[in-house]
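An overview of the molecular structure
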Amino acid sequence: MRRIYDRDPAGYHRGSALTERLLAARRRKVGEIVTGRLLDIGFGTGMSLTHYPPSVSVIGIDASLGMLRFARAEAANLGRAVQLVEMDAERLGFPDRSFDSVAFNLCLCTIGDPERAVREAVRVARPGAPMTFLEHVRSHLLPVALLQDALSPVLVALQQDHFNRRTEQAIRRAGVEVTSVERFAWGFFNLIVGRAPQAT
Ligand SMILES: C[S@@+](CC[C@H](N)C(=O)[O-])C[C@H]1O[C@@H](n2cnc3c(N)ncnc32)[C@H](O)[C@@H]1O
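In this report, the structure presented in the accompanying data block is examined. (Residues numbered from 1 in each chain as written. Predicted model: local features only at pLDDT ≥ 70, side-chain atom pairs only at ≥ 80, totals over all residues. Heavy atoms only, no water.)

To continue, consider the environment of Arg 165. Within the fold, Arg 165 resides in the loop between α6 (142–159) and α7 (167–173). The exposure class of Arg 165 is buried, given its relative accessible area of 13%. In the structure, Arg 165 is positioned 88 residues away from Asn 77 in sequence and 35 Å away in space, judged by C-alpha atoms. Contacts of Arg 165, omitting those with residues within four sequence positions, involve Leu 108, Cys 109, Thr 110, Ile 111, Gly 112, Pro 114, Val 137 and Arg 138. Of the polar contacts made by the side chain of Arg 165, one reaches the backbone oxygen of Leu 108; its length is 2.6 Å. (Helix = DSSP H or I, 4+ residues; strand = E, 2+ residues; numbered from the N terminus. Buried < 20%, exposed > 50% of the residue type's maximum accessible area, 1.4 Å probe, protein only. Contact = heavy atoms within 4.5 Å. Polar contact = N/O pair within 3.5 Å; in protein donor to acceptor, adjacent residues only side chain to side chain.)

See below:
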């Protein structure tokens, strides 16, 4: 997976222009929800950065050093201070309850064990912290879902992109208290909003 993303960060950034039209409104929504010390998981080239308000202090992690290098240059161009760290989402090197909010954007489709990554995010989020998930998922519409099932093995082989993950279920199993699920583009994309569980 790391090799795939290290290969051509600039190509990823350019190639995203089309999907960004579809996603821009939801990225903006994510920006309205996140707060304080924000952990952005699978930061990539920093496509979400312009949507985060200046009041938010962004810490981005990614497994690909190539993507982070590109993101660092992008952030500098935008005049935006961000802390970027090479790290595996499944093994976060942060203390418990150390973030005010957490965002996942288009990365649970590539992370090896998405539930484990969300569990880790829950661990490092303070109780009640907003958590957002802008992800492509297995559609709730059966014909679309069946097409995704057929395409997924090819896309996994080519670019580790799982096209048919039941992401909402994984997020709930990991302990996130889901407050809303917005399905769009025939259910191909979801914006799932929730919060880290309150302390018991
Ligand atoms: C499709 S890109 C999304 C990038 C960015 N969040 C966006 O919205 O454009 C997926 C990113 O997840 C990262 N990624 C995949 N598995 C990871 C893992 N286990 N830990 C950290 N980052 C990971 C990849 O390196 C890649 O940068």
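Let us keep going from here.
Under the counting rule described, the total for this entry stands at six aromatic pairs. With 4.9 Å between their ring centres and 85 degrees between their planes, Phe 94 and Phe 99 make a pair best called edge-to-face. On the basis of an interplanar angle of 20 degrees and a centroid distance of 5.1 Å, the ring pair of Phe 104 and Phe 133 is categorised as stacked. A residue pair is termed long-range when its members are at least 10 positions apart, and Phe 104 in strand β4 (residues 101–105) and Phe 133 in strand β5 (residues 130–136) qualify at 29 residues. Each member of the pair, Phe 104 as well as Phe 133, is classed as buried. Three or more aromatic residues link up through ring pairs in this structure, and these residues are Phe 163, Phe 184, Phe 188 and Phe 189. Directly above the aromatic system of Phe 99 lies the positively charged group of Arg 37, at a separation of 4.4 Å from the ring centroid. (Phe/Tyr/Trp six-rings, centres within 6.5 Å; stacked < 30°, edge-to-face > 60°. Lys NZ or Arg CZ within 6 Å of the ring centre and 35° of its normal.)

Here the focus is the side chain of Thr 167. Residue placement: Thr 167 occurs in helix α7. Beyond its immediate chain neighbours, meaning those up to four positions away, Thr 167 contacts Leu 108, Glu 135, His 136 and Val 137.

So, about helix α5 (residues 114–124). For α5, the buried fraction is high: eight of the eleven residues fall into the buried class. For α5, every residue scored as buried is listed here: Pro 114, Glu 115, Ala 117, Val 118, Glu 120, Ala 121, Val 122 and Val 124. Buried residues belonging to α5 abut β1 (37–41), β4, β5 and α7.

Tallied over the entire structure, the rule returns zero disulfides. You can see Cys 107 has no disulfide; the closest cysteine sulfur is in Cys 109, sitting 7.0 Å from it. (Disulfide = S-S within 2.5 Å.)

Time to look at the site of the ligand. Taken together, 20 residues form the shell around the ligand, and within it Tyr 12, Gly 42, Asp 62, Ala 89 and Asn 105 come nearest. Between an oxygen atom of the ligand and a side-chain N or O atom of Arg 27, the distance comes to 2.9 Å. A distance of 2.8 Å separates a nitrogen atom of the ligand from a polar backbone atom of Ala 89. Classifying every residue of the shell around the ligand gives twelve nonpolar, five polar and three charged. (Near = heavy atom within 4 Å. Nonpolar A, V, L, I, M, F, W, Y, C, P; charged D, E, K, R; others polar.)

Attention shifts here to α6. Across its 18 residues, α6 extends 24 Å between first and last C-alpha, which sits within 8% of the 26 Å expected from 1.5 Å per residue. The sharpest bend along α6 measures roughly 40 degrees and falls at Leu 151, with the proline Pro 153 sitting one to four residues further on. Among all positions of α6, only Ala 145, Gln 148, Ser 152 and Leu 155 are buried. (Expected span 1.5 Å × (residues − 1). Bend = angle between axes of the 7 residues up to and from the residue.)

We now examine the sheet that holds strand β2 (residues 57–62). Spatially, the seven strands line up as an open sheet ordered β3-β2-β1-β4-β5-β7-β6, and their pairing is mixed. Since the sheet does not close on itself, it has two edges, and those belong to β3 (82–86) and β6 (177–184), each with one partner. Looking at each pair of strands side by side, their axes are set apart by 15 degrees on average, direction ignored. Note that β1 and β2 share five bridges and pair parallel. Across the sheet, residue Leu 39 finds its bridge partner in β2, namely Ile 59. Of the strands in this sheet, β2 and β3 are in contact with helix α4 (residues 65–78), which crosses β3 at around 170 degrees. (Pairing = 2+ DSSP bridges. Axes fitted to C-alpha atoms, helices over the stretch in contact; angles between N-to-C directions.)

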